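Given next are the chains, with one letter for each unit.
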Amino acid sequence: MFFEPKIYSNMSKGTVEVICGSMFSGKTQELIRRLKRLEIAKKKFIIFKPTIDVRYDKNKIVSHNKDCINATSVNNIAEIKEIISDEEVIAIDEAQFFDATLISLCNDLANSGKRVIICGLDMDYLGVPFGIMPSLMAISDSITKLHAVCSYCGDTANYSYRIGTDQNRIKIGEQEEYQALCRVCFNKKKNCE
Ligand code: ADP
Ligand code: MG
Ligand code: ZN
């Protein structure tokens, strides 16, 4: 039996793209790069971020090297569902802070022909997979894993090491609070604690 290709409709195929990596790996920069291309292409898109991320500006996502683009702050996925209308592309930064309802939302949006771009930390400060990110990676069509530069040895960094003793999983911070470290330096620092 031969496979017969079928074209079901003219509707564009939806996709879920994940951009992940440690802090300072350039996730937000990469998200903004993809979105600025959409601006040039005059595509309708919308960007969400969790209200928990109070760095810089409530109505913008801003990368550590100060690239920025307008965004809508939301408390939860239900708010995202209410706001979305006819955008072709839906982007979410800091996706690790949302709950599991984001997984079915991504699938529903992609199944209805939308392009979804998810950006988030793949591991927490202990090196443990972060919340729903592994599931989002599993249902995605493409994954871009980015790396920072190790603050100690200059090698490729996978980990977001927290300076200090706060043990809450969620702690919004900057360079005073976190360092990007490679596997070797991360393990050395952890063993010294
Ligand atoms: P993320 O969203 O992954 O935290 P951003 O896109 O906001 O990252 O920022 C990436 C930028 O961070 C880099 O282009 C660089 O200017 C800056 N930066 C600061 N510290 C580091 C580091 N240790 N490794 C790589 N980039 C760093
Ligand atoms: Mg970021
Ligand atoms: Zn290192």
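Conventions adopted
Residues numbered from 1 in each chain as written. Chains lettered and ligands numbered in written order. Predicted model: local features only at pLDDT ≥ 70, side-chain atom pairs only at ≥ 80, totals over all residues. Heavy atoms only, no water. Buried < 20%, exposed > 50% of the residue type's maximum accessible area, 1.4 Å probe, protein only. Helix = DSSP H or I, 4+ residues; strand = E, 2+ residues; numbered from the N terminus. Arc of directions from axis to C-beta. Contact = heavy atoms within 4.5 Å. Pairing = 2+ DSSP bridges. Axes fitted to C-alpha atoms, helices over the stretch in contact; angles between N-to-C directions. Donors = N, O, S within 2.8 Å, 3.2 Å for Na, K, Ca; no water. Tetrahedral: all angles 85-135°; square planar, octahedral: opposite > 155°, others 65-115°. Phe/Tyr/Trp six-rings, centres within 6.5 Å; stacked < 30°, edge-to-face > 60°. Lys NZ or Arg CZ within 6 Å of the ring centre and 35° of its normal. Disulfide = S-S within 2.5 Å. Near = heavy atom within 4 Å. Polar contact = N/O pair within 3.5 Å; in protein donor to acceptor, adjacent residues only side chain to side chain. Nonpolar A, V, L, I, M, F, W, Y, C, P; charged D, E, K, R; others polar.

**Q** Lay out helix α3 (residues 101-111) with the relevant residues and their values.
**A** Taken as a whole, α3 has its buried residues at L102, I103, L105, C106, L109 and A110. The buried side chains of α3 occupy one side of the element, clustering within an arc of 165 degrees when seen end-on. In this structure, the buried residues of α3 make contact with β1 (15-21), α2 (77-83), β6 (89-92), β7 (115-121) and α4 (133-139). G113, located one to two residues past α3, shows a positive phi value of around 95 degrees.

**Q** Before we move on, could you go through the sheet that holds strand β8 (residues 142-146) and cite the residues and values that matter?
**A** Strands sit in the order β5-β2-β6-β7-β1-β8 across an open sheet of 6 strands; the sheet is parallel. The sheet terminates laterally at β5 (72-74) and β8, the two strands that pair on one side only. Neighbour to neighbour, the strand axes of the sheet diverge by 20 degrees on average, direction disregarded. Against the sheet, helix α1 (residues 27-40) contacts β1, β2 (45-50), β6, β7 and β8, and its axis sits at roughly 160 degrees relative to β7. On top of the sheet, α3 reaches β1, β6 and β7; it is set at about 155 degrees to β7, its chief contact.

**Q** Now, about the coordination of the zinc ion (ligand 3): what can you tell me, with residues and values included?
**A** Distances from the zinc ion (ligand 3) to its protein donors, C150 (SG), C153 (SG), C182 (SG) and C185 (SG), fall within 2.3 to 2.4 Å. Coordination at the zinc ion (ligand 3) comes from 4 donor atoms whose angles at the metal span 103 to 116 degrees, giving a geometry best classed as tetrahedral. Within one chain, the residues serving as donors to the zinc ion (ligand 3) are arranged as C-x2-C-x28-C-x2-C. On the basis of relative accessible area, C150 is assigned to the buried category, the value being 4%. Take C153: its relative accessible area is 45%, and that puts it in the partly exposed class.

**Q** Could you give me a rundown of the packing of aromatic side chains, with the residues and numbers involved?
**A** The tally for this structure, following the rule as stated, stands at 3 aromatic pairs. Judged by centre distance (4.2 Å) and plane angle (5 degrees), the rings of Y159 and F186 are stacked. Highlighted residues: Y159 in strand β11 (residues 159-162) and F186 in helix α5 (residues 183-192), separated in sequence by 27 residues. Here the aromatic rings of Y161 and F186 are separated by 6.2 Å at their centres, their planes lie at 85 degrees, and the arrangement is edge-to-face. Of the two residues, Y161 is situated in strand β11 and F186 in helix α5; the sequence distance between them amounts to 25 residues. Neither residue differs from the other here; Y161 and F186 are each classed as buried. Taken together, Y159, Y161 and F186 form an aromatic cluster joined through their ring pairs. It is R162 that lies over the ring of Y125; its NZ or CZ is 3.8 Å from the centre.

**Q** Kindly report on the environment of I163, identifying the contributing residues and their values.
**A** By the element assignment, I163 lies in the loop between β11 and β12 (178-181). When the C-alpha atoms of I163 and Y125 are compared, they prove to be 9.5 Å apart, with 38 residues separating the residues in sequence.

**Q** Describe in detail the state of the cysteines, supporting the description with residues and values.
**A** This structure, assessed with the given rule, holds 0 disulfides. Free of any disulfide, C119 has its nearest neighbouring cysteine sulfur in C20, separated by 8.9 Å. When its relative accessible area of 0% is taken as the criterion, C119 is described as buried.

**Q** Tell me about the site of ligand 1, residues and numbers included.
**A** With respect to spatial proximity, 15 residues lie near ligand 1, and among them K27, T28, Q29, H64 and V149 are the closest. Interatomic distance of 2.9 Å between a backbone N/O atom of F24 and an oxygen atom of ligand 1. It is α1 that contributes the most residues to the shell around ligand 1, 3 residues altogether. Per-class residue counts for the shell around ligand 1 are 5 nonpolar, 9 polar and 1 charged.

Keep in mind these values describe shape, not function.
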